[in-house]
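# Examining the three-dimensional arrangement
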Amino acid sequence: MRALHQTELTGPSRMCLVTDAPVPTAGPGEVLVRVTAAGVNFADVMQTRGTYAGGPRAPYVAGFEAAGEVVALGARVSGLRRGDHVIGTGYGAFAEYMVLPAAGAAPVPAGWTGEQALGLVLNWGTALAALRIGHIAAGETVLVQAAAGGVGQAAVRLATHHGATVIGSASPDKHDVVRALGATHALDRNADVGAEVLRLTANRGADLVLESAGGDAFRAALAATRRITGRMVVYGMAGGEAAISNRELDFTHPIHLIGLHMGTLAQEAPDLFTELMAELATLIAAGVYPPGRPTVHELADGPEVLAALEAGATVGKLALRP
Ligand SMILES: NC(=O)c1ccc[n+]([C@@H]2O[C@H](COP(=O)([O-])OP(=O)(O)OC[C@H]3O[C@@H](n4cnc5c(N)ncnc54)[C@H](OP(=O)(O)O)[C@@H]3O)[C@@H](O)[C@H]2O)c1
């Protein structure tokens, strides 16, 4: 089958198209799907550099997220049948076929294509989880970092839906997108985001901060979070690692700091994961969560797409067509 092979963990340039990759076999609890659309995520970029914790070692077939049709069932799979259209995450999504763990495979919403369903778990699920564990409440101010990205766009829409005032940070050329999604303010991610948020909130800070930019932006997000009652949910590190000391948490930034990883959430809190998926289904039925409109590229263009994502040069959800 056709697949994108990562040969070394030195970045997207070491990813190449092969035409003779073996079709994988579904093991116990797994299904084999014919991939109709693969989602591109920042995690794919991290994986190409070996910085995604627990990811595969090179060489490997790249890609974590795909939508597709179930074509074979492994042992001990219940609730799924051949011909079902599902969306899920596993290893080897940038290929014509991939194996998905059956437990994490969600149905593609009725009437939606696979492309439209991309991001259901990794973008909308992550955004909703961040808002839930960050205890969003109507009337609060929410800062969303990387607001024009895959997760960011979903977060802006959902926070607005929850009745929050949303401040989105992003590169300036993406600000129209951020405002169109419902954000009241769009901030230049290269400006002093902490100071800007304090200015916009009469020095109180944001009640909830969704932080995935990492690096210096992590420090800015700390400064932007309201002291004592403010919550900051950390689920990414696009700009690199950052640290906070116990001294800072005590004296400078006495805030609620919350970590989030969707894979860990699904594993450690399966009831919460199920609740989140059910809530997304309700939001889809209500039209709050519309069918996705990813920018779709050919499989062979994967390395360039990942390089653009790494450079912060993309807007919204990206997909590859196998
Ligand atoms: N923990 C989880 O379970 C989980 C699940 C899904 C995603 N994530 C994380 O959530 C974040 C968003 O993921 P995504 O797939 O939707 O990606 P994305 O937001 O579409 O792309 C990343 C964006 O981050 C911004 N960014 C800020 N500083 C950056 C830097 N130094 N280098 C590169 N980009 C920078 C860029 O937007 P601007 O230029 O507009 O700022 C870039 O477009 C990622 O950090 C990802 O790892 C975590």
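Per an unreviewed UniProt entry, the recorded name for the protein chain is Zinc-binding dehydrogenase, and the organism is Pseudonocardia adelaidensis.

## Some points on the site of the ligand
Near the ligand you find 26 residues, and of these Phe42, Ser171, Arg189, Tyr235 and Met262 are the closest. Here Met262 contributes a backbone N or O atom positioned 2.7 Å from an oxygen atom of the ligand. Burial of the ligand by the protein chains amounts to 90% of its free accessible area of 900 Å². For the shell around the ligand, the per-class residue count stands at 12 nonpolar, 11 polar and three charged. Residues from two domains meet in the shell around the ligand; each of domain 1 (3-119 + 292-321) and domain 2 (123-263) gives at least three.

## Side note on the packing of helix 3 (residues 120-133) against helix 4 (residues 150-161)
At a minimum axis distance of 8 Å, the contact between helix 3 and helix 4 shows a crossing angle of 50°. With respect to their mutual orientation, helix 3 and helix 4 come out oblique. Judged by the twist between their axes, the crossing of helix 3 over helix 4 is right-handed. Every residue of helix 4 that contacts helix 3 at Leu122, Asn123, Trp124, Thr126, Ala127, Leu128 and Leu131 is listed here: Gly150, Val151, Ala154, Ala155, Arg157, Leu158 and Ala159. Per-class residue counts for the contact of helix 3 with helix 4 are 10 nonpolar, three polar and one charged.

## Examining the environment of Val193
With respect to the helices, strands and loops of the structure, Val193 is situated in helix 6 (residues 193-200). What makes Val193 buried here is its relative accessible area of 3%. Put simply, Val193 and Ala223 are 30 residues apart on the chain and 8.5 Å apart in space, counted from C-alpha to C-alpha. Excluding its chain neighbours within four sequence positions, the residues that come into contact with Val193 are Leu143, Gln145, Ser169, Leu187, Asp188 and Ala220.

## Observations concerning the UniProt feature "domain: Enoyl reductase (ER)" (unreviewed entry) in the protein chain
Per the UniProt entry, the sites bearing "domain: Enoyl reductase (ER)" (unreviewed entry) are residues 11-320 in this numbering. With 32% helix and 23% strand, residues 11-320 has its two end C-alpha atoms placed 18 Å apart.

## Some thoughts on the sheet that holds strand 10 (residues 165-170)
The parallel open sheet is built from six strands, whose spatial order is 11-10-9-12-13-14. The open sheet has two edge strands, strand 11 (185-188) and strand 14 (256-259), and neither has a second partner. Averaged over all adjacent pairs, the angle separating strand axes in this sheet is 20°, with direction ignored. As paired elements, strand 13 (residues 231-234) and strand 14 share four bridges and run parallel to each other. Bridge pairing in strand 14 places Val233 opposite Ile258. Together, strand 9 (141-144), strand 10 and strand 12 (208-211) form the strand contacts of helix 4, whose direction differs from that of strand 9 by roughly 175°.

## Some points on the layout of surface pockets
Here the second largest pocket defines a volume of roughly 440 Å³. Together, 23 residues line the second largest pocket, and Gln153, Arg157, Gly292, Arg293 and Lys317 are the ones closest to its centre. Residue assignment for the lining of the second largest pocket shows that the elements contributing at least two residues are helix 2 (114-117), helix 3 and helix 4. If one sorts the elements of the lining of the second largest pocket by residue count, helix 4 sits on top with four residues. For the lining of the second largest pocket, the class distribution of residues is 10 nonpolar, nine polar and four charged. Each of domain 1 (3-119 + 292-321) and domain 2 (123-263) gives at least three residues to the lining of the second largest pocket.

Thresholds, definitions, all that
- Residues numbered from 1 in each chain as written.
- Predicted model: local features only at pLDDT ≥ 70, side-chain atom pairs only at ≥ 80, totals over all residues.
- Heavy atoms only, no water.
- Near = heavy atom within 4 Å.
- Polar contact = N/O pair within 3.5 Å; in protein donor to acceptor, adjacent residues only side chain to side chain.
- Areas by Shrake-Rupley, 256 points an atom, 1.4 Å probe, with all protein chains shown as cover.
- Nonpolar A, V, L, I, M, F, W, Y, C, P; charged D, E, K, R; others polar.
- Domains from an automatic or database assignment.
- Axes fitted to C-alpha atoms, helices over the stretch in contact; angles between N-to-C directions.
- Helix = DSSP H or I, 4+ residues; strand = E, 2+ residues; numbered from the N terminus.
- Parallel < 35°, antiparallel > 145°, perpendicular 65-115°, else oblique.
- Left-handed = near helix turned anticlockwise from the far one by under 90°.
- Contact = heavy atoms within 4.5 Å.
- Buried < 20%, exposed > 50% of the residue type's maximum accessible area, 1.4 Å probe, protein only.
- UniProt positions renumbered as here; feature names shortened; annotations may be inferred.
- Pairing = 2+ DSSP bridges.
- 1 Å grid on protein atoms, 1.4 Å probe; cavity = no way out; pocket = protein on both sides within 12 Å on 5 of 7 lines; lining within 4 Å.
- Points joined across faces, edges and corners; volume = space filled by probe spheres on them.

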